[in-house]
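# Architecture and fold: a report
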Amino acid sequence: MSLLSAIESLFEGIFEGGIRRLLRPRLQPVEISRALERAMVSNTTVGPGSLRVPNRFRAGINPADFRRLGPLRNAIERDAAAYLEQRALQSGLCPLGPIRVALASDSSVGVSFVRCTAEFDESTSEAEQIEQTRLLGPIRPPSLAGGFVLVAEDGRELRVGARRLSLGRAADNDFVIRDVRVSRHHATIEPHGGGWMVRDLGSTNGTFVGGRRVAQTEISAPTEISLGGCRLEPLSRAQDVARPL
C-alpha cells in the first residue's frame, strides 16, 4: 500500500471512529465490506508477476450487532466476498484463491465497529474448487463435429471452429473473461484430431474439464469447462442451446 493510501486510511479511520463514538450509528453491511476492503489492501504483497492479496477474511463485530445482523449473515458474507473480488479486479490485485468471508461475534469489538483479519490461504481443496463450478449433468449431443459454442456464465457466446483460441482475463485473448478467478492467460482450445485440445497455461486456479483438473486434455463430446471456478459450457449448435443454470 502506498504512503498516500496509508495516510488516507489513517484519517478515514480516525474520522469514522470519532463520528461513531459520538453518534453510535447502527452498523450497516456496506461498512463491513469497506472495512474488509481496507484489510485486503493493507495486506498486499508484491509477487514476481502480480500484486497478491489475501483470500480469507474474518469480520468481527459486537454481539449486539451480530444479533441484529445474524439473519442476514449468509447474504452479508456472500456479498462482501463478491465486493472484494470486484475491487481486487478493478485495482489489478490478485487474490491467492477464491475469496471467503466469515462474519463473527466478538465481544472485544465496540458496538457499530468492525475488526477485520485477512489471511493468505492456499489450502482450498480441489473438491471445493470443483464444487464452485456448479456441475451440470451430461449434455445429450453426441459429438462436437463441425464446431461448438462456448457459453459463459454472463451469457456471452464464442464460436469454436478450426482455429486456436485463447481464453483469459487479459484484453489480448480471443475470449476475455473479466473474473478474478481467471488468470490473464488462462487456457487455450485448438483443433486436435477429431476434436479439440484444451490446454491450461499454468493458471493460478486451474482448468477443469468435466469436473477434473487437467494440464491438457482432448474433448470430442460436449462437456463442462471451468477456469478456476468460472464455468464455460460447450454446446453443439445442432441442438437447442441450453443456458447455464
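Residues numbered from 1 in each chain as written. Predicted model: local features only at pLDDT ≥ 70, side-chain atom pairs only at ≥ 80, totals over all residues. Heavy atoms only, no water.

Further remarks concern the overall build of the chain. Within the chain, the secondary structure is distributed over five helices and 17 strands. Taking all 245 residues of the chain together, 44% fall into the buried category. Sequence separation of at least 24 residues holds for 60% of the intrachain contacts in the chain that already meet a minimum separation of 6. Taken as a whole, the chain presents about 12,900 Å² of accessible surface, with 52% of it coming from carbon and sulfur. (Helix = DSSP H or I, 4+ residues; strand = E, 2+ residues; numbered from the N terminus. Buried < 20%, exposed > 50% of the residue type's maximum accessible area, 1.4 Å probe, protein only. Contact = heavy atoms within 4.5 Å. Areas by Shrake-Rupley, 256 points an atom, 1.4 Å probe, with all protein chains shown as cover.)

This part is about the environment of Gly47. With respect to the secondary-structure elements, Gly47 resides in the loop between strand S1 (45-46) and strand S2 (51-53). Separated by 47 residues in sequence, Gly47 and Cys94 have C-alpha atoms that sit 9.7 Å apart.

Turning our eyes to something else, we now look at the pairing of strand S8 (residues 157-160). Because side chains alternate across S8, one face comprises the buried residues Leu158 and Val160, and the other comprises Glu157 and Arg159, none of which is buried. Pairing geometry for strand S7 (residues 148-152) and S8, over four bridges, is antiparallel. Within the sheet, the bridge partner assigned to Val151 lies in S8 and is Glu157. Remark: four residues form the turn of the hairpin made by S7 and S8, two consecutive strands paired antiparallel; Gly155 in that turn has positive phi of roughly 95 degrees. (Pairing = 2+ DSSP bridges.)

So, about the confidence of the model for the chain. A low pLDDT score tells you not to read the predicted coordinates there in detail. Summarising the model, the chain shows a mean pLDDT of 77, and 73% of its residues fall at 70 or more. Here residues 125-142 scores under 50 on pLDDT; set against residues more than four positions off or in separate chains, the count is 39 contacts. Every residue in residues 235-245 scores below 50 in pLDDT, and together they form 26 contacts with partners more than four places removed in sequence or on other chains. (pLDDT = per-residue confidence, 0-100.)

So, about the nonpolar core. Counting residues in each nonpolar core, the largest one holds 22 residues, and the members touching the most others are Ile32, Leu36, Phe57, Leu84, Val101 and Leu103. In terms of residue count, helix H4 (residues 73-90) provides more of this core than any other element does, five residues in total. Apart from residues no more than four positions distant in its own chain, Phe57 is found in contact with Leu36, Ala39, Met40, Leu84, Ile99, Arg100, Val101, Ala102, Thr117 and Ala118. Membership of the second largest hydrophobic core comes to 19 residues, among which are Leu158, Leu167, Val182 and Val198. (Core = buried A, V, L, I, M, F, W, Y, C linked by side-chain atoms within 4.5 Å.)

In a beta sheet, neighbouring strands are held together by backbone hydrogen bonds and run either parallel or antiparallel to one another. Pairing is mixed in the open sheet, where five strands are placed in the order S10-S9-S11-S12-S15. Of all strands in the sheet, those bounded by a partner on one side alone are strand S10 (175-176) and strand S15 (216-219).

It is worth spelling out H4 at this point. Residue pairs three or four apart in sequence face the same way in an α-helix, which turns once every 3.6 residues. Taking 1.5 Å per residue as the helical rise, H4 with its 18 residues ought to reach 26 Å, and the 26 Å between its terminal C-alpha atoms agrees with that figure. Turning to H4, its buried residues number three or more, namely Ile76, Glu77, Ala80, Ala81, Leu84 and Ala88. Taken down its axis, H4 places every buried residue within 130 degrees of arc, on the same side. Turned more than 90 degrees away from the buried face of H4 sit Asn74, Arg78 and Gln90, all of them exposed. Its buried side turned inward, H4 meets helix H2 (29-42), strand S3 (56-61), helix H3 (63-69), strand S4 (93-95) and strand S5 (100-105). Immediately downstream of H4, the backbone of Gly92 shows phi near 70 degrees, a positive value. (Expected span 1.5 Å × (residues − 1). Arc of directions from axis to C-beta.)

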